[in-house]
Amino acid sequence: MTRTGCMRAQIAHDFQSLVTELEGAWSHLFPRRLGYQIRTETCSDAMVRLHVRRGDFEGCVELCCDRDDPQRSDRRDAVLIRAVASARSQRMVVAEASGKRAIRRSRWIAAVISAAVGAGFCWLAAGVQMPVVGGLMLTAITVCLLVGGDNLGMRVGEGVAAHRRQIAERAVQDDLGVQADIRRWNSLNRQLRAHRRALARGSSGAPFRRAALGA
């Protein structure tokens, strides 16, 4: 969100208020007594990261205050207050990494098989007297085998990767603990959006609320 025409002191106060309120909400939404591991990382006066993790769930919110043009000395230039929130499931991370390995492995196997088949054709044609056209056709066949094998290997690998991703997604959907984590995270996102709208109007923003019952 851009804060144009505001004094630096006011913007710094708004940013520190946002950080303080988010830290308070962080401990309410993700209490340690429920097994959440929370950590605050202060990178600088204008950047703070908050981390949370429990089991398969992992989330991070980064708050930072940046100027549009650091070279300008105008007190009333545009300043950005950013809040970037991201959450992920370790199951999905593992599934994505496994899928990428499956794609690479499938392409490598398909390339080896295609090269072996192409070498076989060349070996069979080695003792045969053929015109130039025949040699060109053999070269074209070998190239088609290599390209086709690579495409086939990629398709097979992508199919395996999609299957593993679907298994991980079903596991996440069936995990009641992760679903509770997601509800709490969605509550935090709604409150961040409310603060953004309040700051855009020039007010200090509504206080963060506790997690809803049953979250």
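See the structure printed just above.
Residues numbered from 1 in each chain as written. Predicted model: local features only at pLDDT ≥ 70, side-chain atom pairs only at ≥ 80, totals over all residues. Heavy atoms only, no water.

**Student:** Explain a nonpolar patch on the surface to me, please; I cannot follow it from the model alone.
**Tutor:** Taken together, the side chains of Trp108, Ile109, Val112, Ile113, Val117, Phe121 and Ile141 make up a nonpolar region of the molecular surface, amounting to roughly 660 Å² of accessible area. At 6 residues, the largest contribution of residues to the nonpolar patch is made by helix α2 (residues 90-126). (Patch = residues over 30% accessible without salt bridge, like charges linked within 9 Å, V, L, I, M, F, W, Y side chains within 5 Å. Areas by Shrake-Rupley, 256 points an atom, 1.4 Å probe, with all protein chains shown as cover. Salt bridge = Lys/Arg side-chain N within 4 Å of Asp/Glu carboxyl O. Helix = DSSP H or I, 4+ residues; strand = E, 2+ residues; numbered from the N terminus.)

**Student:** Explanation requested: the pattern of salt bridges in the structure shown.
**Tutor:** Across all of its chains, the model carries 8 salt bridges by this definition. Among the ionic pairs, Arg49 bridges to Glu41, the shortest N-O distance being 3.6 Å. For Arg49, a relative accessible area of 23% corresponds to the partly exposed category. With relative accessibility at 28%, the residue Glu41 sits in the partly exposed group. Ionic pairing is found between Arg54 and Asp181, a salt bridge with its closest N-O pair at 2.6 Å. On the criterion of sequence distance, the pair formed by Arg54 in strand β3 (residues 47-54) and Asp181 in helix α4 (residues 176-201) is long-range, its members being 127 residues apart. Salt bridges sharing common partners tie together Arg39, Glu41, Arg49 and Glu62. (Buried < 20%, exposed > 50% of the residue type's maximum accessible area, 1.4 Å probe, protein only.)

**Student:** I tried to follow the packing of aromatic side chains on my own but got confused; where do I start?
**Tutor:** Here the distance between the centres and the angle between the planes together describe a pair of aromatic rings. On inspection of all chains with the given rule, the structure shows 6 aromatic pairs. Where Trp26 meets Trp185, the ring centres are 6.1 Å apart and the plane angle is 75°; that geometry is what we call edge-to-face. Here the residue Trp26 occupies a position in helix α1 (residues 8-29), and Trp185 occupies one in helix α4, the gap between them amounting to 159 residues. Residue Trp185 is classed as buried on the basis of its relative accessible area of 6%. Between Phe57 and Trp185, the ring centres sit 6.0 Å apart and the planes meet at 65°, which makes this aromatic pair edge-to-face. Here the residue Phe57 occupies a position in strand β4 (residues 57-67), and Trp185 occupies one in helix α4, the gap between them amounting to 128 residues. The pair Phe57 / Trp185 is uniform in exposure class, with both members buried. Through successive ring pairs, a cluster of aromatic residues spans Trp26, Phe30, Tyr36, Phe57 and Trp185. (Phe/Tyr/Trp six-rings, centres within 6.5 Å; stacked < 30°, edge-to-face > 60°.)

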